[in-house]
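Overview (structure and organization)
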Amino acid sequence: MYFNQADFVKSVDKIENKPEKHLNEVLFVGKSNVGKSSLINALTNHSKLAFTSSKPGHTRLLNYYIINKKFYFVDCPGYGFSSQKDLDYEFYGELIENYFKDNKDLKLVIFLLDSRHEPTKDDITFFNFLKETNYNFVLVMTKCDKLNQSMRSKIEKNLIAAFGDIDDIEVLLTSIKDNRTLINLELLINSFIGG
Ligand SMILES: Nc1nc2c(ncn2[C@@H]2O[C@H](COP(=O)(O)OP(=O)(O)O)[C@@H](O)[C@H]2O)c(=O)[nH]1
Ligand SMILES: [Mg+2]
């Protein structure tokens, strides 16, 4: 069960430095603190594979993890880090724009959103960017264990208000504390990388 054969490969500051061995890639992206590293840890059953922090904006690099010796999970820097906004935005822009340029290895983008909150302006900007690329992407709502019934019932409405028609887009509710949601995400990832 799960992607439990997982190893850190390298951190990448420039796209030219990505791992020489080209394999399919699954990218985890979303604002700082949304739960990217936690989800990678939970899916791989490693409590400390990806660096998690309660301090936003901690990952400044693309981190490559090799899963089952077959493909990469890529942990992305978060956007929307407010206390050093300009610096973070500039960094994010260059590395990530280059990452998305004609990346034949990229099979799936997992776009994480905090299930408790409405998407932010940055989320909307990134969503529109993603839609214009031709990469496959899914919306993964994080931290669902923190939802009450009324918050849960607002998720879809919030997404539609922010992004417009999302009929064709897969939305998954997840929590690192709920294995069933992790299994659903695992199945989804496998369906895109042919696992
Ligand atoms: N309750 C709960 N907390 C979560 C969940 N996912 C992440 N977190 C917490 O959210 C914080 C930020 O997580 P992190 O993975 O570092 O976010 P990143 O910046 O997107 O990589 C940490 O304190 C995590 O423990 C979840 O599913 N449920
Ligand atoms: Mg992180």
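Everything discussed here concerns the structure shown above.
These remarks concern the structure in this document.

What counts and what doesn't
- Residues numbered from 1 in each chain as written.
- Chains lettered and ligands numbered in written order.
- Predicted model: local features only at pLDDT ≥ 70, side-chain atom pairs only at ≥ 80, totals over all residues.
- Heavy atoms only, no water.
- Helix = DSSP H or I, 4+ residues; strand = E, 2+ residues; numbered from the N terminus.
- Buried < 20%, exposed > 50% of the residue type's maximum accessible area, 1.4 Å probe, protein only.
- Phe/Tyr/Trp six-rings, centres within 6.5 Å; stacked < 30°, edge-to-face > 60°.

**Regarding unusual backbone geometry**
Unlike most non-glycine residues, Asn45 shows phi in positive territory, near 65°. Secondary-structure assignment places Asn45 in the loop between helix H1 (36-44) and strand S3 (62-67). Exposure remark for Asn45: the relative accessible area of 55% places this residue in the exposed category. Look at Lys69: it is not a glycine, yet its phi comes out positive at around 60°. The exposure class of Lys69 is exposed, given its relative accessible area of 62%.

**So, the packing of aromatic side chains**
Counted by the stated rule, this structure contains 15 aromatic pairs. When the ring of Phe3 is compared with that of Phe73, the centres are 5.3 Å apart and the planes differ by 85°; the resulting orientation is edge-to-face. With a gap of 70 residues between them, Phe3 in the segment before strand S1 (6-12) and Phe73 in strand S4 (residues 71-75) connect regions that are remote in the sequence. Each member of the pair, Phe3 as well as Phe73, is classed as buried. Grouping aromatic residues by their ring pairs yields a cluster made of Tyr99, Phe100, Phe111, Phe126, Phe127, Phe129, Tyr135, Phe137 and Phe163.

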